[in-house]
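Architecture at a glance
Chain residues, written in single-letter form:
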Amino acid sequence: MIKLVKKQKMSNRKKEMIFLLVVLCLFVVAVAVRMVLVHMRYPQVNTIKVDMGTAYEIDDGLNMEVIKTKYLDNEDLIAAYGADIIENLDVTKTHDMKVIETTVKLTNTSDEEKTLSLTEIRIETDYYQNGLVPELFYAENEDYVMGVDLASGESKETTLCYVMFDFQFTDKLWALLEQADWYLVREEYPDRIRWAVSET
């Protein structure tokens, strides 16, 4: 009798294990099917690289062209903006900074007025991405808010400033920051358009 009860308990455990394995397999299959459907519906991003000095559409009827780029370290920053800027950007005063200043030309090719929010334009490399720094933007572009209004056919130049701190990179990457391939990017999907900020 005891053996029979033990066999039934073992049999019940086996059934529970088999049931759990079947449920787990069904879950894995459902996840795999979902992943395949997502990849079919949203294919891989198409990356478009725009060379420095070449205009390319950043928005419907708006072109952007990278004109020039400067790399600044702490000393260059103080010379360009004054000592207060270091204090504003690094309140702890313990980090080295580097800034990438990129001057772009925006052109309205449409028949109507256009506005572009500059805060949407980020800088990136294959291992890092960052947004605009308002303090430097306003020091460099006194007449602009962080958006540009362009009449039909109008062009404007503006300088976009991006700050990097040494603690965000390994020592090796920090030392080679200026040699990295940096790009301006606004949208990531369906086309990821990358404007090179230095000549390749």
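Our subject is the structure that appears above.
The present account deals with the structure reproduced in this document. Just so it is clear, the structure is predicted and the values come from calculations on it, not from any experiment. (Residues numbered from 1 in each chain as written. Predicted model: local features only at pLDDT ≥ 70, side-chain atom pairs only at ≥ 80, totals over all residues. Heavy atoms only, no water.)

A few words now on the nonpolar core. Judged by nonpolar contacts, the single largest core of 32 residues is most densely connected at Leu118, Ile121, Leu160, Met164, Trp182 and Leu184. With near-sequence residues (within four places) excluded, Trp182 lies in contact with Tyr71, Ile100, Ile123, Glu124, Thr125, Tyr128, Met164, Phe169, Leu177, Trp195, Ala196 and Val197. Listed in part, the 13 residues of the second largest apolar core include Leu72, Leu77, Ile85 and Leu136. (Core = buried A, V, L, I, M, F, W, Y, C linked by side-chain atoms within 4.5 Å. Buried < 20%, exposed > 50% of the residue type's maximum accessible area, 1.4 Å probe, protein only. Contact = heavy atoms within 4.5 Å.)

Another point: the packing of aromatic side chains. In the structure shown here, the tally under the stated rule is six aromatic pairs. A centroid spacing of 6.3 Å and a plane angle of 90° characterise the contact between Tyr127 and Phe169, whose relative ring orientation is edge-to-face. Within this pair, whereas Tyr127 is found in the loop between strand 6 (122-125) and strand 7 (128-130), its partner Phe169 is found in the loop between strand 9 (155-165) and helix 5 (171-175), the two being separated by 42 residues in sequence. Seen in terms of ring centroids, Phe169 and Trp174 are 5.8 Å apart; in terms of plane orientation they differ by 40°. Their pairing is tilted. Across the pair, exposure class does not vary: Phe169 and Trp174 are buried alike. Aromatic ring contacts, followed pair by pair, group Tyr127, Tyr128, Phe169, Trp174 and Trp182 into a single cluster. Lys98 extends its terminal NZ or CZ atom over the ring of Trp174, reaching a point 4.8 Å from the ring centre. (Phe/Tyr/Trp six-rings, centres within 6.5 Å; stacked < 30°, edge-to-face > 60°. Helix = DSSP H or I, 4+ residues; strand = E, 2+ residues; numbered from the N terminus. Lys NZ or Arg CZ within 6 Å of the ring centre and 35° of its normal.)

Moving on: the side chain of Glu101. If you trace the backbone, Glu101 turns up in strand 4 (residues 97-108). Judged by its relative accessible area of 5%, Glu101 is buried. In contact with Glu101, not counting residues within four places along its chain, are Lys68, Thr69, Lys70, Leu72, Tyr81, Glu140, Thr159, Leu160 and Cys161.

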